Amino acid sequence: MQEIELKFLVPESRLKGLMRQARVKSSEVTQLAAHYYDTPDQQLAEAGIGLRIRKEGDAWVQTIKAGGDGIAARLEHNAVLDNEQVQAMLDNNTLMPDLTIYKNTSVAPALAEFKLKKLAKNLTRLYVTDVERTTRLLVDDSGSDGDANNHVEMAYDYGEIIHGNDDTQRDAIQEIEFELISGDIDFLFATAKTWCKRYKLCLSTVTKAERGGLLITEQQHSPAVHADLDQLNIDKKISMPAFVRAAVHNCLLQILPNSSAIVAGSEEDVHALQLYIGITRLQAALQAFASYSDEINPDWLPILKRTATLLNEYRELAHLASHIEPNLQQQGAPTVNWTTDIDALKITPKDAVSANDFQLTLLELIAFTMSDPSLEPQADQLAVDKLAKTLSKQQAKLGKAVQELQSKKDVGSDNINIESNDLKDDDLQSVDLGDSDLENVDSKSDDIENIDLDDNNAEHELHEQLTTLLYISEFATPLLDKKKSKKKKAKKESKRWLKYLAKAQKTLNKYHNHKMYQQRYQLKSKTDSSALYGAGWFSAMLVRDLKRTEKRLAKVTDSSVFR
């Protein structure tokens, strides 16, 4: 069967109020003791599979979970075991799951890549969980016909994960889940939104199995998740509403794991960076494909934009302090302390991501991806028939942004004062700025005193249009390629154009990043003369960056592949 559930972390400040609603007369409290199994190198976890044997009250149940149809959905198979046999195996320390029971079940495809006999021999108990679960059945009482069939189970789990071979290694569990037991999925999301709003809950995609894997590998958080277009599930017959849902779903696959890590306490720059990129990709899809669905909420974009801006402001300074500054010091630059600047930012990435409006927006976006596209008016219109027009329109916007910028300045009109540091081109090549991961990030902050505000705004508009064109092209090109499957030349041209587009964005992003660094060092030099070295260094970089950017932009604007 397929379970549909949403999991949240509970802020400590809201726990007492939540527990008053969780522990009512009709609620039940159950002790859950689970043993989780995998190979020593976690092959099941790598495949997105969790396997456990758990005592649920008086019964022992073997459960396997795998990826389902939708972000909030997972395949699940439960088998009640014989209590006496389980107890005998526990006494002999031989308790192991039986994999033969999964033949001809709904989870069999998830195990298809494994040789079950070999897998069974390699299984070992990696970790256990000891949890007190409080459950309450929530029923739709709005009074509409059929509402009595809408049931959601709320489950609050409190306990810990324990290392299978070292019980001194433990990690606390404090989370709440909402699972659709029966009825309409809309009731699940409506219920989750009500509780999320009331108790400031934060979505988490991290399963207990994943947390157990992190415990035994001594990691605090899973690695950051990058965009993966291989998971974009589209074909040439996909409708417009289904296509935009697929694009949003692909963005959420990047956004949710990184936001989950941040709300759980990760301070790693890479989680904030990949979350920012995921949100930017999502903004591009919602803007460009807005006409593909009547279900897109216009309130999503302002919230996404604000969250991305807050993430970027913090990330800029954090990256400057942790990567740029040390690399400049290796070249002989005097030390510049950015601690005060970072501390002055009132909102951290965790604050931005935990904000209730952002969390509610994520819930609505998940619900959107899981809603039925066939119910929309555009359901009979193929996406492939409109994509070329959408891309051509966006390319025209890019061309207009280029012309607007060119009308404001020519190549040599920046008039940036390069300080007296004698920086040769070899010096510029020798410093590793550590910003290769920032090539998809627009570095524009409102708190910088811009040298030329008009130019900066025009450059930001250019970057926004170029980034949007790149991201929507990545979504659309596979579909257009399928349409052109019999025209090899056209297919080759579209791939070449996409390559030009990616290179142009890469160089423009580098230019933006270096300009932002130059402006921050220039502003810092008003209170710390040591910052003049960094200001001059990046001023010199900008001259070279601008020439490369203009050359690569020309290849994109001169192309007519989608016209």
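Residues numbered from 1 in each chain as written. Predicted model: local features only at pLDDT ≥ 70, side-chain atom pairs only at ≥ 80, totals over all residues. Heavy atoms only, no water.

**Some details on the confidence of the model for the protein chain**
When pLDDT is low, close inspection of the predicted coordinates is not appropriate. When pLDDT is averaged across the protein chain, the result is 87; 88% of the residues are at 70 or more. Scored below 50 in pLDDT, residues 411-431 shows 35 contacts in the model against residues more than four places distant or in partner chains. Below pLDDT 50 for its whole length, residues 442-454 participates in 33 contacts with residues either more than four positions away or in separate chains. (pLDDT = per-residue confidence, 0-100. Contact = heavy atoms within 4.5 Å.)

**Section: the packing of helix α7 (residues 240-263) against helix α8 (residues 269-288)**
Axis separation between α7 and α8 bottoms out at 8 Å; the angle between their running directions is 155°. In terms of their interaxial angle, α7 and α8 are classed as roughly antiparallel. Pair α7 / α8 crosses with left-handed handedness. Taken together, the residues of α8 that come into contact with α7 (itself represented by Ala247, Val248, Asn250, Cys251, Gln254, Ile255, Asn258, Ser259, Ala261 and Ile262) are His271, Ala272, Gln274, Leu275, Ile277, Gly278, Ile279, Arg281, Leu282, Ala285 and Leu286. Across the contact of α7 with α8, the residue classes tally to 13 nonpolar, seven polar and one charged. (Axes fitted to C-alpha atoms, helices over the stretch in contact; angles between N-to-C directions. Helix = DSSP H or I, 4+ residues; strand = E, 2+ residues; numbered from the N terminus. Parallel < 35°, antiparallel > 145°, perpendicular 65-115°, else oblique. Left-handed = near helix turned anticlockwise from the far one by under 90°. Nonpolar A, V, L, I, M, F, W, Y, C, P; charged D, E, K, R; others polar.)

**Concerning empty space enclosed by the protein**
This structure, assessed with the given rule, holds one cavity of 30 Å³ or more. In this structure, the largest cavity encloses a volume near 30 Å³. Listing elements by their share of the lining of the largest cavity, those giving two or more residues are α9 (300-330) and α17 (532-557). A per-class count over the lining of the largest cavity returns seven nonpolar, two polar and one charged. (1 Å grid on protein atoms, 1.4 Å probe; cavity = no way out; pocket = protein on both sides within 12 Å on 5 of 7 lines; lining within 4 Å. Points joined across faces, edges and corners; volume = space filled by probe spheres on them.)

**Looking at unusual backbone geometry**
Residue Asn93 is not a glycine yet carries a positive backbone phi of 55°. By secondary structure assignment, the location of Asn93 is in the loop between α3 (83-91) and α4 (116-122). Although it is not a glycine, Asn104 sits at a positive phi angle of roughly 65°. Tracing the backbone shows Asn104 in the loop between α3 and α4.

**Re the packing of aromatic side chains**
Within the structure shown, the criterion is met by twelve aromatic pairs. Consider the rings of Trp338 and Tyr521, whose centres lie 5.2 Å apart with planes at 90°: the pair is edge-to-face. Separated by 183 residues along the polypeptide, Trp338 in the loop between α9 and α10 (339-344) and Tyr521 in helix α16 (residues 488-524) bring together distant segments of the chain. Classification of Tyr521 as buried rests on a relative accessible area of 1%. Among the aromatic residues, those joined into a cluster by ring pairs are Trp338, Tyr517, Tyr521, Trp537 and Phe538. (Phe/Tyr/Trp six-rings, centres within 6.5 Å; stacked < 30°, edge-to-face > 60°. Buried < 20%, exposed > 50% of the residue type's maximum accessible area, 1.4 Å probe, protein only.)

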